[in-house]
Amino acid sequence: NINPCVQIIIHLLSVISQNSAGQFFSSGHTNNWAVLVCTSRFWFNYRHVANTLSVYRSVKRLGIPDSHIVLMLADDMACNHRNPKPATVFSHKNMELNVYGDDVEVDYRGYEVTVENFLRVLTGRLPPSTPRSKRLLSDDRSNILIYLTGHGGNGFLKFQDSEEISNVELADAFEQMWQKRRYNELLFIIDTCQGASMYERFYSPNIMALASSQVGEDSLSHQPDLAIGVHLMDRYTFYMLEFLEDIHPASKTNMNDLFKVCPKSQCVSTPGHRTDLFLRDPGSVLITDFFGSVRKVELTMDAINLTDPINPVNGEEQKEVYSYADQLPVSEIIHQKPKQKDWHPPDGFILGLWTLILLVFFKTYGIKHLKHIF
Amino acid sequence: MGLLSDPNRRRALISMLTRLNAPICVVCYFAGVAWFMGLAFEPFTLRTYMSENAMGSTMVEERFPAGERALATGREFAAHKKKVGGMPVDWLVKNMQDRGLEVFTQSFSRTLPFPDENKERYIVKGTNVYGILRAPRAPRTEALVLSAPCSPGDNNNQAVGLLLGLAQYFRNQIYWAKDIIFLVNEHDLIGMQAWLEGYHHTNTTGMSWSPLQGRGGSIQAALSLELSSDVITSLDLVLEGLNGQLPNLDLANLFYAFCQKIGVLCTIQGKLQRNDWDSVSGYNHAVQTMMLMVMKQASGRPWGDHGLFLRYHIEAATIKGVNSFRQYKTDATTIGRLLEGMYRKLNNLLERLHQSYFFYLMPSLSHFVSIGYYMPAFGLLAVILLLRALDLWVQLNTPPSTTEDGVADIDQVRHTLLSVLTPLVISHLTGVALYALPIRFQETAVEHFPVSETEAVVLTAIAIYTAGLALPHNTHRYYIVSTVPDVRGWRVLKLVAVLYLAVLLGCTALINFSLGFILALTLVPLAAFVTPHVPKVLSAFILVILSPACTLLFSVFFFQELQDMPVSFQDGWLLYLSVISQGILDHSLYGSLVYPLIALLVYPCWLLFWNILFWK
């Protein structure tokens, strides 16, 4: 005999809790990956390695394990002969935070950080002998964070002082990832000079991009350390990390706050972002959707009897069994017979060209030669 | 038809060339001189900037603490130097070993071709002592050098003391990526030459030295320190090296950047820079600084111990501490910090310094003129020679108005070419005599005249030079073919001489712009105007005034003027004689090319013009 008002309230509460549960599961991803790349070598580019390692630390702190992080560092600053504090890479002068430490797993180091390796990691086209730690084993329910830092220009990023990756190549790589269903959503962050030019060409869905400066602007470094003698961090990454320090795995902060990080007064350059390819509203995207690894845990109070086979509820027919789609059907490719190509009539252009040639021939040499042809 | 193949147009061009030749030459000459003077005007210069990315902005906090202890070490060094009467080798070796360096010595000896009266030495024997600070974690592939000379008397004791103090401080740091070699060389340049030859396994000057036991990899940069007082008021940077070679401008930029950071007064050519470039006195100051650099570069001698490193493509400079009458004094700790900062920045280098200019002139420490801006001044002077050559060619190709017929013409052409050969050969033989005889015959000269060896050498050189003036009266007797004097023969000789001079000056200006420019300033006018038809006495006088020897005499007086130390004629003459002897010595000791160039190439060229003047 419950009061109808209270009944309505209980009903409403259950609906609301179902909605929040629904919201909890609305992002659509089940695992998180991070690809963090530093593309510069040499001692005076210390800050790029420090940038990448600081993002690595934050991402690990928020829950993404080393097995899901691909860390690429183009040079070894910690063991550089010029480092007055060997085996350390410092990121913040005041806090003297050593981002190197004992538990850093660098997957691609030194000369292995090349454009080819980076694209192979993204698209998954690695030789079979590549160890798991060097692979991006994402699937169509993975949210991937990609962070690039180094020296860049209008439409390119410099790798290792010897080669470049262009924004077109990067956009095509992301399209390959989309077609091979290697990501659910992608967050692309780049901290270089003229970084916004790198995300101009993206055309695949579900990509959100942030850059530290617009085309024609330089990204500036933050603070020099007078004992080490180099700049320790870049401004954009520094303020982004200060922002991330306030994030913990249960934060509800969303992407709109990340877009506000490092305004022109602090960064001198104008950070930019691009959300037109992203299907969800950025206001509803949590920071932890990309930077953290929030495991969705479903609690149930019902006991499940595992000895009997599960009987379908409501007498539904048994659904068909799903099997995992082979991403790269190697056997088909190896034993493939050449496919019969359909015959297409020759292109109008080719026809026209041949007609022209014949006409010219006959005009020049006269129609009497026609009988020699036919 | 084309401009040059149409005979009418060609004739018009040629007539314009012959008509306007003299005015264009005069205009070009004054334009060249004006361009050169305009180089020091500040809006035409560029501010210096650091080109090497690896050296970047100066951000290290220098922490060298031990300036006073360094001075005490210097005093100890002075005492031991006085006790031993030369280089205290054992004390230095023990001291460096105590500071943790790997110490080695090198002994060398050299007998000079004739006694050096400036430094009072003839048979030189000495020892270099150097200690290598090995980089703690790096492979031994690259090195930096810090050197201080062991000078007689009270000079440079503080330099050696500071060197040892820095060695001890550097030894305690772990961030060195290159080996650092601390060198104390005896007999300044001779010792340095012996050390460099031993280090690079070359023997170009005939010195005998013991091989080096320890080595440090290829040297990336070197600094030489000269400090003779406990406190200084300013630091002077010396860049000019052997044969006028200069180190990479980035080294000067590095020095200037650190001077500004630490707040030490820094000068170049001993002159402080001024901010009032638009006033006349400001411009004068800049011109004086630039002219000093031009003079020093033209002399081809190394103006500091660093000068010999440049030949091995090692960027090097000398830093001199100057104590003059100023209020603000800088102590040894600050100098130590400046050097520490410079070495930390050089430590960051990944390749040799190559991003900045190798050819430049500096009207002040913060401004420079690159080769692209100063070469047109020389180009304008060289154009005069080419115009003159074209004019002569045109004159030679127009048939003569005299009544010689065609048959005799061919003989005449052959005749003139061969007759050109005679003056050429004789002038060059005189040049060879000027080069070789003074040193060879110094003993006979000393026997017959009451002079010392040095004076004998110099006076023999001047005598041979003057004897060359008598030549034209004799060469006429040695024509190979025919005795018909030819009025056109001098044109062929002048054409050859003008082209020869153009090539010679061009090549010299490429290597040593200052020398080429100064020679061009005096030789180009005389090459342009001299013919057998100008008034003989006046022209002879002008030719002698514009000859290389007199140019040198005037340069000596001018150089002293620029340094605000004008000399009387007597002292100037003695200075001139010592300059000639130094030039000859530099050539045999270090391979300086100025003396052979003047004796073997420029002087014969000038003799050819003298010959033309007296052509009969």
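Keep in mind the model is a prediction, meaning the values are calculated, not measured. (Residues numbered from 1 in each chain as written. Chains lettered and ligands numbered in written order. Predicted model: local features only at pLDDT ≥ 70, side-chain atom pairs only at ≥ 80, totals over all residues. Heavy atoms only, no water.)

*Asks:* Honestly, the overall build of chain A in this entry has me stumped. Any pointers?
*Replies:* A tally of regular secondary structure across chain A gives eleven helices and twelve strands. If you take every contact in chain A between residues at least 6 apart in sequence, the share linking residues at least 24 apart comes to 73%. Only carbon and sulfur atoms are counted for the fraction: they give 57% of the accessible area of chain A, which is about 21,100 Å². (Helix = DSSP H or I, 4+ residues; strand = E, 2+ residues; numbered from the N terminus. Contact = heavy atoms within 4.5 Å. Areas by Shrake-Rupley, 256 points an atom, 1.4 Å probe, with all protein chains shown as cover.)

*Asks:* Where do I start with the UniProt feature "transmembrane region" (unreviewed entry) in chain B in this structure?
*Replies:* Residue and element names in this part refer to chain B. Per the UniProt record, "transmembrane region" (unreviewed entry) is found at residues 20–41, 371–396, 416–437, 497–530, 537–559 and 593–615. What you have in residues 20–41 is 86% helix and 0% strand, and the ends, taken at the C-alpha atoms, are 31 Å apart. Across residues 537–559, the secondary structure splits into 91% helix and 0% strand, with the terminal C-alpha atoms separated by 30 Å. (UniProt positions renumbered as here; feature names shortened; annotations may be inferred.)

*Asks:* What should I look at first to understand the environment of serine 129 of chain A in this one?
*Replies:* Along the chain, serine 129 of chain A falls in the loop between helix H3 (115–123) and strand E4 (142–149). Linking serine 129 of chain A and glutamate 185 of chain A, residues 56 residues apart in sequence, is a C-alpha distance of 28 Å.

*Asks:* For this particular structure, what's the right way to read the UniProt feature "active site" (unreviewed entry) in chain A?
*Replies:* Residues and elements named next belong to chain A. UniProt's feature table lists "active site" (unreviewed entry) at His151 and Cys193, given in the numbering used throughout. In terms of the greatest pairwise C-alpha distance, the residues named above, spread along 43 residues, form a tight cluster of at most 6.4 Å across. Apart from the residues lying within four places of it in its own chain, the contact partners of histidine 151 are Thr39, Ser40, Asn45, Arg47, His48, Leu157, Lys158 and Thr192. In terms of polar contacts, histidine 151 uses its side chain to reach the side chain of asparagine 45, at 2.8 Å. Take cysteine 193: it is sitting in the loop between strand E8 (185–191) and strand E9 (207–211). Judged by its relative accessible area of 18%, cysteine 193 is buried. The residues contacting cysteine 193, other than those within four sequence positions of it, are Gly152, Gly153, Ser213, Glu217, Asp218 and Ser219. (Polar contact = N/O pair within 3.5 Å; in protein donor to acceptor, adjacent residues only side chain to side chain. Buried < 20%, exposed > 50% of the residue type's maximum accessible area, 1.4 Å probe, protein only.)

*Asks:* Is there a simple way to think about the sheet that holds strand E6 (residues 156–159) of chain A in this case?
*Replies:* Paired through their backbone hydrogen bonds, the strands of a sheet run either parallel or antiparallel. Residues and elements named next belong to chain A. Taking strand neighbours across the sheet as the criterion, the three strands line up as E5-E6-E7 in an open arrangement whose pairing is antiparallel. Unpaired on one side and paired on the other, strand E5 (151–153) and strand E7 (163–166) mark the two borders of the sheet. Neighbour to neighbour, the strand axes of the sheet diverge by 30° on average, direction disregarded. With three bridges connecting them, E5 and E6 associate as antiparallel partners. Each bridged residue has a counterpart across the sheet, and for histidine 151 the counterpart in E6 is lysine 158. (Pairing = 2+ DSSP bridges. Axes fitted to C-alpha atoms, helices over the stretch in contact; angles between N-to-C directions.)

*Asks:* What is the right way to read the nonpolar core from this model?
*Replies:* As a rule of thumb, soluble globular proteins bury nonpolar side chains together. One finds Trp195, Phe255, Phe309, Met362 and Phe609 of chain B to be the most contacted residues of the largest nonpolar core, which totals 190 residues. For this core, the element with the most residues is helix H19 (residues 594–613) of chain B, which contributes 14 residues. Once residues lying within four places of it in the same chain are set aside, the contact partners of phenylalanine 609 of chain B are Ala497, Val498, Leu501, Leu526, Ala527, Val530 and Leu543 of chain B. Counting 52 residues, the second largest nonpolar core, distinct from the first, contains Ile64, Ala78, Met233 and Cys262 of chain A. (Core = buried A, V, L, I, M, F, W, Y, C linked by side-chain atoms within 4.5 Å.)

*Asks:* Just to check I follow, could you spell out the sheet that holds strand E2 (residues 102–116) of chain B for this structure?
*Replies:* Residues and elements named next belong to chain B. Taken together, nine strands build an open sheet; the order of strands is E6-E2-E3-E5-E4-E7-E10-E8-E9 and the sheet is mixed. Every other strand in the sheet has two partners, leaving strand E6 (208–209) and strand E9 (266–268) as the edge strands with one partner each. Judged from the five bridges that link them, strand E3 (residues 121–133) and strand E5 (residues 179–186) form a sheet pairing that is antiparallel. Across the sheet, residue valine 129 finds its bridge partner in E5, namely valine 184. In this fold helix H4 (residues 157–171) packs onto E3, strand E4 (142–150), E5 and strand E7 (218–226), with an angle of close to 160° to the strand it touches most, E5.

*Asks:* Would you take a moment to explain the packing of helix H7 (residues 280–299) of chain B against helix H15 (residues 513–529) of chain B for this structure?
*Replies:* Helix packing geometry: the angle between the two helix axes and the distance between the axes. All names here are of chain B. H15 packs onto H7 with a crossing angle of 100° between their chain directions and a minimal axis gap of 7 Å. Considering their axes alone, H7 and H15 lie roughly perpendicular with respect to each other. Residue-level contacts link Val294, Met295, Gln297 and Ala298 of H7 to Ser514, Leu515 and Ile518 of H15. (Parallel < 35°, antiparallel > 145°, perpendicular 65-115°, else oblique.)

*Asks:* I keep staring at the interface of chain A and chain B and nothing clicks. Help me out?
*Replies:* For interface size, the figure often reported is the accessible area lost on association. The interface of chain A with chain B comprises 18 residues on the first partner and 21 residues on the second. On the chain A side of the contact with chain B, His81, Arg82 and Leu226 of chain A bury the most area, a combined 46% of that side's loss. Summed over the shared surface of chain A and chain B, the result is zero salt bridges. On inspection of chain A and its partner chain B, the count reaches seven residue pairs in polar contact (both at pLDDT 80 or more). Breaking the side of chain A that touches chain B down by element, the ones donating at least two residues are strand E10 (224–225) and strand E11 (230–231) of chain A. (Buried area = accessible area lost by both parts, 1.4 Å probe. Salt bridge = Lys/Arg side-chain N within 4 Å of Asp/Glu carboxyl O.)

*Asks:* Got a minute to help me understand the state of the cysteines in this structure?
*Replies:* As used in these notes, a disulfide is a covalent bond between sulfur atoms, one from each of two cysteines. According to the stated counting rule, one finds two disulfides over all chains in the structure shown. Paired through a disulfide, cysteine 262 of chain A and cysteine 267 of chain A show a sulfur-sulfur distance of 1.6 Å. Disulfide cysteine 262 of chain A-cysteine 267 of chain A: the torsion about the S-S bond is 95°, which places it as right-handed. Assigned by exposure class, cysteine 262 of chain A and cysteine 267 of chain A land together as buried. Each sulfur of the disulfide joining cysteine 259 of chain B and cysteine 266 of chain B lies 1.8 Å from the other. An S-S torsion of about -70° defines the bridge between cysteine 259 of chain B and cysteine 266 of chain B as left-handed. Each of the two residues, cysteine 259 of chain B as well as cysteine 266 of chain B, counts as buried. Among the cysteines around cysteine 507 of chain B, which has no disulfide bond, cysteine 605 of chain B carries the closest sulfur, lying 12 Å off. (Disulfide = S-S within 2.5 Å.)

*Asks:* Would you mind going over the packing of aromatic side chains with me for this structure?
*Replies:* Aromatic rings in a pair are described by how distant their centres are and how their planes are angled relative to each other. Residue and element names in this part refer to chain B. For the structure shown, the criterion picks out 38 aromatic pairs over all chains. Judged by centre distance (5.6 Å) and plane angle (75°), the ring pair of tyrosine 130 and tryptophan 195 falls under edge-to-face. Here tryptophan 195 lies in helix H5 (residues 188–200) and tyrosine 130 lies in strand E3, a separation of 65 residues in the sequence. The residues tyrosine 130 and tryptophan 195 share a single accessibility class, namely buried. Connected via pairs of aromatic rings, a cluster forms that spans Phe64, Tyr169, Phe170, Tyr175, Trp176, Phe182 and Tyr343. (Phe/Tyr/Trp six-rings, centres within 6.5 Å; stacked < 30°, edge-to-face > 60°.)

*Asks:* How should helix H2 (residues 46–61) of chain A be read in this particular structure?
*Replies:* Counting along an α-helix, one turn takes 3.6 residues, and residues three or four places apart therefore face a common direction. Residue and element names in this part refer to chain A. The end-to-end C-alpha separation of H2 is 23 Å, in line with the 22 Å expected for 16 residues at 1.5 Å each. Extensive coverage of H2 is indicated by the burial of 13 of its 16 residues. Of the residues one or two after H2, glycine 63 is the one with positive phi, at around 120°. (Expected span 1.5 Å × (residues − 1).)

*Asks:* What exactly am I supposed to notice about the packing of helix H1 (residues 7–38) of chain B against helix H9 (residues 371–397) of chain B here?
*Replies:* Residue and element names in this part refer to chain B. One can describe the packing of H1 onto H9 by two numbers: an axis separation of 9 Å at closest approach and a directional angle of 160°. Regarding the angle of H1 to H9, the classification is roughly antiparallel. The element H1 and its partner H9 pack so that their crossing is left-handed. Here the contact of H1 with H9 is built from residues that sort into 20 nonpolar, three polar and two charged. (Left-handed = near helix turned anticlockwise from the far one by under 90°. Nonpolar A, V, L, I, M, F, W, Y, C, P; charged D, E, K, R; others polar.)

*Asks:* Is there a simple way to explain the pairing of strand E10 (residues 315–322) of chain B in this structure?
*Replies:* As a general feature of sheets, a regular strand has side chains that alternate between the two faces. All names here are of chain B. Most of E10 sits out of view: six of its eight residues are buried. Summarising the sheet, E7 and E10 pair through six bridges and their orientation is parallel. Each residue of the ladder has a partner; that of alanine 221, found in E10, is glutamate 315. Pairing geometry for strand E8 (residues 234–238) and E10, over five bridges, is antiparallel. Across the sheet, the residue bridging to leucine 235 is glycine 321, located in E10.

*Asks:* Looking at this model, I keep getting lost on the pattern of salt bridges. Mind explaining?
*Replies:* Two side chains of opposite charge can pair, provided their charged atoms sit close to one another. Counted according to the given criterion, the structure contains 24 salt bridges over all chains. Close ionic contact of aspartate 103 of chain A with lysine 60 of chain A constitutes a salt bridge, the shortest N to O distance being 3.9 Å. Taken together, the residues span a long stretch of sequence, with aspartate 103 of chain A in the loop between strand E2 (69–73) and strand E3 (108–109) and lysine 60 of chain A in helix H2 at a distance of 43 residues. Judged by relative accessible area, which is 43%, aspartate 103 of chain A ranks as partly exposed. Linking lysine 94 of chain B and aspartate 98 of chain B is a salt bridge whose minimum nitrogen-to-oxygen distance equals 3.1 Å.

*Asks:* Teacher, can you tell me more about a nonpolar patch on the surface here?
*Replies:* The grouping of Phe349, Ile350, Leu353, Trp354, Leu356, Ile357 and Val360 of chain A at the surface amounts to a nonpolar patch, some 720 Å² of accessible area in total. Mapped onto the fold, tryptophan 354 of chain A is located in helix H10 (residues 348–365). (Patch = residues over 30% accessible without salt bridge, like charges linked within 9 Å, V, L, I, M, F, W, Y side chains within 5 Å.)

*Asks:* Even after reading the chapter, I still don't get the confidence of the model for chain B, so can you show me in this structure?
*Replies:* Any segment with low pLDDT has predicted coordinates that should not be analysed in fine detail. Residue and element names in this part refer to chain B. Averaged over all residues, the pLDDT of chain B equals 89, while 94% of them reach at least 70. Here residues 480–484 is a poorly scored stretch, pLDDT under 50, and it has six contacts once near neighbours within four places are set aside; other chains count. Under the prediction, the complex receives an ipTM of 0.81, its pTM being 0.84. (pLDDT = per-residue confidence, 0-100.)

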